[in-house]
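Coordinate inspection notes
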Amino acid sequence: MSKPLTLIELDSVDLEIDGKQLLRGVSLQSDAQRIAVMGRNGSGKTTLARVMAGLQVPNGGAVRIAGVDVARDRRGALGAVGILFQNPDHQIIFPTVGEELAFGLKQMGLGKAEVADRVSQTLEGFGKASWLDAAIHQLSQGQKQLVCLMAILAMGPKVIILDEPFAGLDIPTSMHLERALSKLETALVHITHDPQTILSYDHAIWIEAGKVEMQGSAGEVASAFEMAMRKLGERDDFADLSG
Ligand SMILES: Nc1ncnc2c1ncn2[C@@H]1O[C@H](COP(=O)(O)OP(=O)(O)OP(=O)(O)O)[C@@H](O)[C@H]1O
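A short tour of the structure in this document, coming up. These numbers come from a predicted model, not from an experiment.

Every one of the 13 residues lining the ligand counts as a neighbour, but Lys20, Gly42, Lys45, Thr46 and Thr47 are closest to it. Gly44 places a main-chain nitrogen or oxygen 3.0 Å from an oxygen atom of the ligand. In the model, an oxygen atom of the ligand is placed 2.9 Å from a nitrogen or oxygen of the Thr46 main chain. Compared with its free state, where it exposes 640 Å², the ligand has 64% of that area covered by protein. Listed by contribution, the elements that provide at least two residues to the shell around the ligand are strand 2 (20–30) and helix 1 (45–52). Per element, the largest residue contribution to the shell around the ligand is three residues, and it comes from helix 1.

Turning next to helix 5 (residues 141–154). An α-helical turn contains 3.6 residues, so any two residues separated by three or four positions project in the same direction. Across its 14 residues, helix 5 extends 20 Å between first and last C-alpha, which sits within 8% of the 20 Å expected from 1.5 Å per residue. Among the 14 residues of helix 5, twelve are classified as buried, and the element is accordingly described as predominantly covered. Looking at the buried side of helix 5, the elements it contacts are strand 6 (81–84), helix 3 (97–107), helix 4 (112–125), strand 7 (159–163) and helix 6 (171–182). Looking one or two residues past helix 5, Gly156 carries a phi angle of roughly 65°, positive in sign.

Right, let's get into the layout of surface pockets. Counted as a void, the largest pocket has a volume near 490 Å³. Taken together, 23 residues line the largest pocket, and the ones lying closest to its centre are Leu78, Ile83, Gln91, Phe103 and Met155. Sort the elements by how many residues they give to the lining of the largest pocket and helix 3 lands first, with five residues. Residue composition of the lining of the largest pocket, by class: 16 nonpolar, five polar and two charged.

With that settled, the discussion passes to the pattern of salt bridges. Proximity of charged atoms lets side chains of opposite charge pair with each other. Scanning all chains against the criterion turns up five salt bridges. With its nearest N and O atoms 3.5 Å apart, the salt bridge here joins Glu9 to Arg64. Note that Glu9 is positioned in strand 1 (residues 8–17) and Arg64 in strand 4 (residues 60–65), a separation of 55 residues in sequence. Arg64 sits in the partly exposed class, given a relative accessible area of 28%.

Applying the stated rule across the entire model yields two aromatic pairs. Between Trp206 and Phe225, the aromatic rings sit 5.4 Å apart at their centres with planes inclined by 80°, giving edge-to-face as the arrangement. Of this pair, Trp206 sits in strand 9 (residues 203–208) while Phe225 is found in helix 7 (residues 218–234), placing the two residues 19 residues apart along the sequence. Like Trp206, the residue Phe225 is buried in the burial classification.

Each value, and the rule that gives it
- Residues numbered from 1 in each chain as written.
- Predicted model: local features only at pLDDT ≥ 70, side-chain atom pairs only at ≥ 80, totals over all residues.
- Heavy atoms only, no water.
- Near = heavy atom within 4 Å.
- Polar contact = N/O pair within 3.5 Å; in protein donor to acceptor, adjacent residues only side chain to side chain.
- Areas by Shrake-Rupley, 256 points an atom, 1.4 Å probe, with all protein chains shown as cover.
- Helix = DSSP H or I, 4+ residues; strand = E, 2+ residues; numbered from the N terminus.
- Expected span 1.5 Å × (residues − 1).
- Buried < 20%, exposed > 50% of the residue type's maximum accessible area, 1.4 Å probe, protein only.
- Contact = heavy atoms within 4.5 Å.
- 1 Å grid on protein atoms, 1.4 Å probe; cavity = no way out; pocket = protein on both sides within 12 Å on 5 of 7 lines; lining within 4 Å.
- Points joined across faces, edges and corners; volume = space filled by probe spheres on them.
- Nonpolar A, V, L, I, M, F, W, Y, C, P; charged D, E, K, R; others polar.
- Salt bridge = Lys/Arg side-chain N within 4 Å of Asp/Glu carboxyl O.
- Phe/Tyr/Trp six-rings, centres within 6.5 Å; stacked < 30°, edge-to-face > 60°.

As structure tokens, this is what we get:
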């Protein structure tokens, strides 16, 4: 019998850009449904997220999401992993909601009819069928973030990476988005500075200067991270800023 696929597999991932070592030997093997990635500013969280999504090819090591080598198999990666960034304006490229949702599906090589079906099913799933021809520039930031999430979900990924998507949203909008995400059966990898938001997660990883400082249960990692950050914060010194 063949071995079941591990959902997220990072094996000694190294990344160097312009002589700067951004990731060093990062490994993670997990089937967890909710994974947190914590770390201070400039520690390499977004870089790691981009590598996991296949947007950045590592110099060493391997990344497989649901068995797909995301750096080499770009079409396969679209159906395996999606990434939601902090600013939806950096993600959206089309003028209407329908076109934005259709784009990734076309990239996956789906035919016209299937693209149209998946777009309408996704919109209906969120009670937003009326948004099909809506102009994206007229939507609020929270609504744009929902468009980005729907565009990812339409592709049916096994893993969604959240790179601080709540940072620009007000409290009610964050709560709406959080509710939408909490209902998903898709595995989530959530990058956050806030240890309190991830206490119920299955696994956490703490990145420091591009390396794994600690990983394990969310409660243990969150409290060690918070304690270390408070210690650093109590120092009246900007000289030690990472990055
Ligand atoms: N394309 C790039 N070329 C060179 N350096 C980069 C590149 N992308 C990121 N860096 C550097 O890599 C380091 C890690 O950046 P990254 O954005 O991954 O950190 P982060 O943990 O997500 O930070 P923050 O919490 O502030 O968003 C920083 O020093 C950054 O300047």
